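Per-entry structural report
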Amino acid sequence: MADTVGAAARNAWALTFGEGIEAPVRTPSTVLLRQPHRLLRRYDLDPGGPQPVDDTPVLLIPPLAAPASCFDLSPDQSLVRFLLDIGRRPYLVDYGEIGYADRRMGFQDWIHDILPEAIGRVSADRDGTPVDVIGWSLGGIFALLTAAADAALPIRSITAVGAPMDYSRVSGVPQVRVLARLDRGRAMSAMIRLTGGIPAQMTRIGYRATSWDRELRRPLFVASNLANADRLARMEVIDRFQNEMPGYPGRFYDQLWRRFVLANDIGKGVVKLGSEPIRLSEVTAPVLLIGGPSDVIAPAAAVERGLRTLTGAREVRYETAPGSHLGILIERDTTWCHIDKFLRDQS
């Protein structure tokens, strides 16, 4: 009893006045490129660990409005460490903070500049070997649109986890469209231009709103697990992830609002971002889509739509995994197994 009370007291202090239950532990990496919105990391294999399966690098692509740490939350919730454990060579592109000064950045900055450069540098770091690309949420959309826009990029395969390929199937979007018809979406566009985008604080509030049940249960969870440091540490990892979310640039979010939410270009397979529409049918690399039946941000039905729009890919697989939008990314027994098998089949 004394030990339990003591542990509960220490944990309570750490959560309120202290520095937390556990400090974040990141996988060691080497920075290959350090420039605004395109920091590139390489995670090196442990000389005493598993030998590489093949020399193909794996580039991890995060979405906007989420920290790049989504791929490396903690030692046991890290896709980076899993890839290292199975003998893969992971790399990560990190966009860093997004602020008002970045309000003119749009989809084109990622599709035609940031990501092609990252893919090219990763390939060059492995002597020109084609790259396996893995994107989460909008990062998966980025990967697919980047491949569709430039067929010459050295891409061997694409995995999109929780990537909404049809916004008409995203929760709340049909209702939002009905309201937007009143002014053709002008009020939202005007607000975006005025604020220069969606501030980080609004992004964090919006993400928490999608998991309102977790937020409601949090006080009870803390109270009932106050003596269990391991469970509190896992909760703290998610809290830290939410608190690190950056915002959206103005131009980017206006494009997301008009071309994806209102027009559903992605669901039709042709995204109109400039003078040259980007067609998903131009993607030729094998694609793995992973959706979550319990995901309220990118429902499984929205992800599955890619089976009908990625008509030029040599292969398109669709798999499911349990958990929330973030949960499916860190699902070891399903998502990571699907990724492992898909990458082995490409080898």
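Read on for an overview of the structure. The model shown is predicted, which means the values in this text are computed figures rather than measured ones.

To continue, consider the packing of aromatic side chains. Taken as a whole, this structure holds 13 aromatic pairs when the rule is applied. Each ring, one from tyrosine 95 and one from phenylalanine 142, has its centre 6.4 Å from the other, and the planes form 80 degrees; the classification is edge-to-face. Placement of tyrosine 95 in the loop between strand E4 (89–94) and helix H3 (107–125) and of phenylalanine 142 in helix H4 (residues 138–149) is noted, with a sequence separation of 47 residues between them. With a relative accessible area of 0%, phenylalanine 142 lands in the buried category. With centroids separated by 4.2 Å and ring planes inclined at 20 degrees, the aromatic side chains of phenylalanine 107 and phenylalanine 252 adopt a geometry described as stacked. Remark: phenylalanine 252 occurs in helix H10 (residues 250–262) and phenylalanine 107 occurs in helix H3; sequence separation between them is 145 residues. You'll find phenylalanine 107 and phenylalanine 252 in the same group, each marked buried.

Bringing the pairing of strand E5 (residues 131–136) into the picture now. Counting buried residues in E5 gives 6 out of 6 residues, a clear majority hidden from the surface. Neither face of E5 is left uncovered, since the one carrying Val131, Val133 and Gly135 and the one carrying Asp132, Ile134 and Trp136 both have all their residues buried. As paired strands, strand E3 (residues 57–61) and E5 are joined by 4 bridges and run parallel to one another. By the bridge assignment, leucine 59 is partnered in E5 with valine 133. Bridge count for E5 against strand E6 (residues 155–161) is 6 bridges, and the pairing is parallel.

Looking now at the sheet that holds strand E2 (residues 39–42). Read from one edge of the open sheet, 8 strands run E1-E2-E4-E3-E5-E6-E11-E12, paired in mixed fashion. Lying at the two open borders of the sheet, with one neighbouring strand each, are strand E1 (30–33) and strand E12 (316–320). Strand-to-strand twist in this sheet, taken as the mean axis angle between neighbours without regard to direction, amounts to 20 degrees.

For helix H5 (residues 173–180), the set of buried residues is Val173, Arg177 and Ala180. Buried residues of H5 fall within an arc of 65 degrees about the axis and therefore sit on the same side. Of the exposed residues in H5, those oriented more than 90 degrees away from the buried face are Gln175 and Leu179. Buried positions along H5 lie against H10.

Within the secondary structure, aspartate 265 is located in helix H11 (residues 265–268). Aspartate 265 sits in the buried class, given a relative accessible area of 2%. Discounting residues that sit within four places of it in the chain, aspartate 265 has contacts with Arg259, Phe260, Val270, Val271 and Lys272.

Put simply, H3 and H4 touch, their axes get as near as 9 Å, and they point 85 degrees apart. The angle between the axes of H3 and H4 places the two elements in the roughly perpendicular class. Across from Phe107, Trp110, Ile111, His112, Leu115, Pro116 and Ile119 in H3, the residues of H4 making contact are Phe142, Leu145, Thr146 and Ala149. A per-class count over the contact of H3 with H4 returns 9 nonpolar, 2 polar and no charged.

Locating aspartate 166 in the fold gives a position in the loop between E6 and H5. When the C-alpha atoms of aspartate 166 and alanine 223 are compared, they prove to be 40 Å apart, with 57 residues separating the residues in sequence. Contact partners of aspartate 166, with chain neighbours within four places excluded, come to Asn264, Ile266, Gly267, Ala302 and Arg305.

The set of residues buried in H10 consists of Gly250, Phe252, Asp254, Gln255, Leu256, Trp257, Phe260 and Val261. Phi turns positive one or two residues past the end of H10, at asparagine 264, with a value near 55 degrees.

Bringing the environment of alanine 160 into the picture now. Relative to the helices and strands, alanine 160 resides in strand E6. On the basis of relative accessible area, alanine 160 is assigned to the buried category, the value being 0%. The spatial distance from the C-alpha of alanine 160 to the C-alpha of glycine 139 is 7.6 Å, given a sequence separation of 21 residues. With residues near it in sequence (within four places) discarded, alanine 160 still touches Gly135, Gly140, Leu144, Leu288, Leu289 and Ile290.

On to the pairing of strand E11 (residues 287–291). By the criterion of burial, E11 is predominantly enclosed, with 5 of the 5 residues buried. Here E11 shows a buried face lined by Val287, Leu289 and Gly291 and a second buried face lined by Leu288 and Ile290. As paired elements, E6 and E11 share 4 bridges and run parallel to each other. Paired with threonine 159 across the strands is leucine 288, a residue of E11. By the bridge criterion, 5 bridges tie E11 to E12 in an arrangement that is parallel. Looking at E12, one finds that glycine 291 is bridged to threonine 320.

One non-glycine residue with positive phi stands out, namely histidine 37, at about 65 degrees. Looking at where histidine 37 falls in the secondary structure, it is placed in the loop between E1 and E2. Look at asparagine 264: it is not a glycine, yet its phi comes out positive at around 55 degrees. In this structure, asparagine 264 sits in the loop between H10 and H11.

Each value, and the rule that gives it
- Residues numbered from 1 in each chain as written.
- Predicted model: local features only at pLDDT ≥ 70, side-chain atom pairs only at ≥ 80, totals over all residues.
- Heavy atoms only, no water.
- Phe/Tyr/Trp six-rings, centres within 6.5 Å; stacked < 30°, edge-to-face > 60°.
- Helix = DSSP H or I, 4+ residues; strand = E, 2+ residues; numbered from the N terminus.
- Buried < 20%, exposed > 50% of the residue type's maximum accessible area, 1.4 Å probe, protein only.
- Pairing = 2+ DSSP bridges.
- Axes fitted to C-alpha atoms, helices over the stretch in contact; angles between N-to-C directions.
- Arc of directions from axis to C-beta.
- Contact = heavy atoms within 4.5 Å.
- Parallel < 35°, antiparallel > 145°, perpendicular 65-115°, else oblique.
- Nonpolar A, V, L, I, M, F, W, Y, C, P; charged D, E, K, R; others polar.

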